[in-house]
Amino acid sequence: MGVINFIKANCKNCYKCIRHCPVKAIRLTDHQAQIVEELCIGCGNCFRVCPQNAKHVASDVETIKGWLAREQVVLSLAPAFPAAFDVADPFKIVGALRQLGFGIIQETAAGAEAVSACYREDYYSDKRHVITTSCPTVNHMVTRYYPKAVPYLSPTVSPMIAHGKILRKAWPGAKVVFAGPCISKKMEVLEDEVKGVVDAVLTFDELALWFKEAGIDVKTAEPADFDGDACDVARFYPLAGGIEKSSLEGAAGDRHVIKIDGIENCQSFLSDIDRLEGRYWAELNACASGCVNGPGNTLCPLVRYERAERVKDYIAKTPRQSAQPPEGDFRRTFTAQPEDLLAGVPEEAIEAILHQTGKFSPRDELNCGTCGYDSCREKAAAVYHGMAELDMCLPFMRNRNEAISNLIIASTPNAIAVLDENYNILDFNTAAENFFKVARADVLNKNFVKVFDYNPFEKLKNSGENSYSGRGFYARGNLHFMEILTYLPGQKMYMGIFVDISREIKKEKMYRKMQDETLEMAQKVIDKQMRVAHEIAELLGETTAETKVTLTRLQKVVGTGEEAF
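Residues numbered from 1 in each chain as written. Predicted model: local features only at pLDDT ≥ 70, side-chain atom pairs only at ≥ 80, totals over all residues. Heavy atoms only, no water.

1. Some points on the overall build of the chain
Counting its secondary structure elements, the chain contains 20 helices and 16 strands. For 565 residues, the compact-globule estimate of 2.2 N^0.38 gives 24 Å, and the C-alpha radius of gyration of the chain, at 44 Å, exceeds that figure by more than 25%. Overall, the chain is about 170 × 60 × 40 Å in size when its C-alpha atoms are taken along their principal axes. When each of the 565 residues of the chain is scored for burial, the buried share is 47%. In the chain, the proportion of contacts linking residues at least 24 apart, taken out of those at least 6 apart, comes to 70%. (Helix = DSSP H or I, 4+ residues; strand = E, 2+ residues; numbered from the N terminus. Rg over C-alpha atoms; globule rule 2.2 N^0.38 Å. Buried < 20%, exposed > 50% of the residue type's maximum accessible area, 1.4 Å probe, protein only. Contact = heavy atoms within 4.5 Å.)

Shown next, in the form of structure tokens:
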């Protein structure tokens, strides 16, 4: 996955990370954001703003635990450490680190003393401009996105690398670990020119989680001292202007000295650097107010300005020792590796992609930035390079969805009315016009209940549910319908869909009438049959009696020979 990236399961396609990425080093594929390592400058902005906390930073914690169990480990602690934990005594942090198992702990500021000496030399050099190189994010940004400014980079390693070299010389064979507030340090140690100087990098956030896991409370830890080399003004490095204070106190010359912090301010300066008149020495830091607010120090409860004050208090209360810059080679080179998102994209390809999102003229290019890119053309170039997807364009998707919605609403034979929470009509389709026998223009924004003297939506309130379906009757129009009523609490709107069933009701009534008439006719037939049967029964009874009398008389005559009379 690389040094830094996003957790796939948590990405929600909000594009906030792309909007805040100063170099657009994020690829969106199948609605999943991924950091492109070769474009990333490690500023951590995407992690700061991610609403889902969908970040992944490669961790060396488990590896370091293994080293502590079986070999010597030397820790270089960044001078921003007093701003990493809310403790009154910063030396408690050193004590807590010793509880984790770190036996040798030094301040990275010792390496910064050597770097400051190099920066002072550069100040008096023939270079037109000098850009400090303690911030790896700035170095990555210059080499990749401002290649014309590469010659101005001071050919000097960062304090971390300088201190790493010092520690390796003092403890050959030991593992060297750096702890600080910066994520991009994890990228820096992998660069070819300095690879192997520092074996592992910890962020302050990783330390906080490690302390918690180990059951170590920094606030109650026993204070402990650092080992070894003295530090002087280089402890100011993590503060905005601290590099200048550590490097150029008492320096004389015709150079303009400026201090720039914050990634956008750095970009603005780099864009205009060749337009500057005179010679400049520039301290650039990607993080606002300096390293104390680095993206690897997000768990600290101290607010931005408190952090700077904690570092200042530590410096004021800790005796400063005059330190001679350590001997060694602390120079390096930087090579331009230009990256340009718009480079090599044919104009016809840009136009074709713009057309796919409904942009056929410059007027259609809103450049709203909701997709994360500063312009529609830049986003089109990102699509061409496989960095972005067409449906990231919110205005395009909204217009398309509205068109589809409008088509469905306009073409459906069912009446649809959309109301606000006060029953004012927001939308009214053609079928509703025909159904209620009114023109849309005449009822729009008017109260549904007052216009039609009918309020089916009361059924929702009475039921306590957000949806209802059943039969309804509109007395004024003598209309029967099936009604599907919905309340959208998020939008505070009502929607009613009315399906005309008047014809079905009429057929139903006719069928019932036919049933009733048929039943009535059947009953009449039954009654008549009963009456006929009764009459037949009476006739049969009379004839039977007469037959019986006649046969009896005949029997007497035949039997006695006498007359039955």
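2. Structural notes on a negative patch on the surface
Taken together, the side chains of Glu 37, Glu 38, Glu 339 and Asp 340 present a region of like negative charge at the surface. Tracing the backbone through its elements, the reader meets Glu 339 in the loop between helix H12 (304-317) and helix H13 (347-356). (Patch = residues over 30% accessible without salt bridge, like charges linked within 9 Å, V, L, I, M, F, W, Y side chains within 5 Å. Areas by Shrake-Rupley, 256 points an atom, 1.4 Å probe, with all protein chains shown as cover. Salt bridge = Lys/Arg side-chain N within 4 Å of Asp/Glu carboxyl O. Lys, Arg positive; Asp, Glu negative; His and termini not counted. Charge placed at Lys NZ, Arg CZ, Asp CG, Glu CD.)

3. A word on helix H14 (residues 376-384)
Among the nine residues that make up H14, seven are buried, leaving the element largely enclosed by the rest of the structure. Buried residues along H14 sit in contact with H13. Looking one or two places after H14, you find Gly 386, whose phi comes out positive at around 75°.

4. A look at the state of the cysteines
Enumeration over the complete set of coordinates arrives at zero disulfides. We note that Cys 135 lacks a disulfide partner, and the nearest cysteine sulfur, in Cys 182, lies 6.3 Å from it. Here Cys 393 stays free of any disulfide, with the sulfur of Cys 376 as its closest cysteine sulfur at 6.0 Å. Note on Cys 393: relative accessible area 9%, which makes it buried. (Disulfide = S-S within 2.5 Å.)

These values are about where atoms sit, not about what they do.
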